[in-house]
Amino acid sequence: MLTRKQHELLVFIDRHLRQTGVSPSFEEMKAALSLRSKSGIHRLISALEERGFLRRHRHRARALEVLRLAEDMPQPAPPVSPQSFSPNVIRGDFSVRLSGARAAPAASAVALPLYGRIAAGAPIEALRDASAAIEVPFALLGSGEHYAVEVAGDSMIDAGIHDGDVAIIGAGETAENGQIVVALVDEQEVTLKRLRRRGNSIALEPANPRHETRIFPADRVRVQGRLVALLRRY
């Protein structure tokens, strides 16, 4: 199974080879996929190589060969503006046939796009490179739309959220007071914190006394989803 970004890159490389006869540069690939760094392109190419879709000719510059296309994959959606964190999500409804994901053989799990590390210690810009996916049990999802992010930092440790955990987020723009949410601050940085509304202000509270609560005018904070489950590897 290819992720959306892997499929986008494969289609772009194939189209570029057909039109020009040469492989696209890393700068061209980065721009086409709206990624922030070339390291994301390196990871995508390596993943496509491992899955047998691409071959790199090691001793030739800009030498990529498309071995096969993922014909069963849907066409990629247009790139999303990098100004906000609006992740592509997959519905977790039991009755809905999932598009862009493959359930486990017993229909007990679904592959959600796994986004980059979201800081639980200090806000960071949302990582938009959806080059990975993670299988999540259906029982954790219920209805609605979901995505997954990896947690970085220790500011939510007293809420049982550790560095390296994978947070399963129910997408939405509303949350109750006291819920742990993905919050977008000033349309450019994102964090995982407990939400408190105080009049016309919003407080983003950590769950670690070593970290400070940050308070913003309500119009500077936008809820992007609420925490519904955690996955942890040992």
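The preceding data block contains the structure.
Quick caveat, the model's predicted, so the values are computed rather than measured.

Caption draft 1: The pattern of salt bridges, seen in detail. Under the counting rule described, the total for this entry stands at 12 salt bridges. Lys5 is the salt-bridge partner of Glu8, the closest N and O atoms lying 3.8 Å from each other. Residue Glu8 and its partner Lys5 are located together in helix 1 (residues 4-20), separated by 3 residues, close to a single helical turn. Across the salt bridge formed by Lys38 and Glu27, the nearest N and O atoms sit 3.6 Å from each other.

Caption draft 2: Looking closely at the packing of aromatic side chains. Using the criterion set out here, one finds 0 aromatic pairs in the structure. Lying across the ring of Phe53, Arg68 places its NZ or CZ 3.9 Å from the centre.

Caption draft 3: Expanded view of the nonpolar core. By size, the foremost hydrophobic cluster in this structure holds 17 residues, and its most contacted members are Leu9, Leu10, Ile13, Met29, Ile45, Leu48 and Leu54. If you list the elements that add at least two residues to this core, you get helix 1, helix 3 (38-50) and strand 2 (64-66). A per-element tally of this core places helix 1 first, with 5 residues. Apart from the residues within four sequence positions on either side, Leu48 is in contact with Leu2, Gln6, Leu9, Leu10, Phe53 and Leu54.

Caption draft 4: Structural detail: unusual backbone geometry. Notably, Ser34 is not glycine yet its phi reads approximately 55 degrees, a positive angle. Mapped onto the elements of the fold, Ser34 is located in the loop between helix 2 (26-32) and helix 3. Backbone geometry places Asp186, a non-glycine residue, at a positive phi of 55 degrees. Mapping Asp186 onto the fold places it in the loop between strand 8 (180-185) and strand 9 (189-198).

Caption draft 5: Up close: the pairing of strand 10 (residues 201-205). Across the 5 residues that make up strand 10, a large majority, 4, are buried. Hairpin remark: strand 9 followed by strand 10, antiparallel, with 2 residues in the connecting loop; positive phi at Gly199, about 65 degrees. With 4 bridges joining them, strand 10 and strand 11 (residues 214-217) adopt antiparallel strand pairing. Bridge pairing in strand 11 links Leu204 to Arg214.

Caption draft 6: The packing of helix 1 against helix 3, seen in detail. It is the contact of helix 1 with helix 3, at a shortest axis distance of 10 Å, that shows an interaxial angle of 85 degrees. The angle between the axes of helix 1 and helix 3 places the two elements in the roughly perpendicular class. Along the contact surface, helix 1 presents Lys5, Gln6, Leu9 and Leu10, while helix 3 presents Ile41, Leu44, Ile45, Ala47 and Leu48. Tallied by class, residues from the contact of helix 1 with helix 3 come to 7 nonpolar, 1 polar and 1 charged.

Caption draft 7: A look at helix 1. Its 17 residues place the ends of helix 1 24 Å apart at the C-alpha level, agreeing with the 24 Å of an ideal helix rising 1.5 Å per residue. Summarising burial for helix 1: 12 of the 17 residues are buried, a large majority. Each element contacted by the buried residues of helix 1 is listed here: helix 2, helix 3, strand 1 (54-56) and strand 2. Taken from the residues just after helix 1, Gly21 is the one with a positive phi, measuring 85 degrees.

What counts, and at which threshold
Residues numbered from 1 in each chain as written. Predicted model: local features only at pLDDT ≥ 70, side-chain atom pairs only at ≥ 80, totals over all residues. Heavy atoms only, no water. Salt bridge = Lys/Arg side-chain N within 4 Å of Asp/Glu carboxyl O. Helix = DSSP H or I, 4+ residues; strand = E, 2+ residues; numbered from the N terminus. Phe/Tyr/Trp six-rings, centres within 6.5 Å; stacked < 30°, edge-to-face > 60°. Lys NZ or Arg CZ within 6 Å of the ring centre and 35° of its normal. Core = buried A, V, L, I, M, F, W, Y, C linked by side-chain atoms within 4.5 Å. Buried < 20%, exposed > 50% of the residue type's maximum accessible area, 1.4 Å probe, protein only. Contact = heavy atoms within 4.5 Å. Pairing = 2+ DSSP bridges. Axes fitted to C-alpha atoms, helices over the stretch in contact; angles between N-to-C directions. Parallel < 35°, antiparallel > 145°, perpendicular 65-115°, else oblique. Nonpolar A, V, L, I, M, F, W, Y, C, P; charged D, E, K, R; others polar. Expected span 1.5 Å × (residues − 1).

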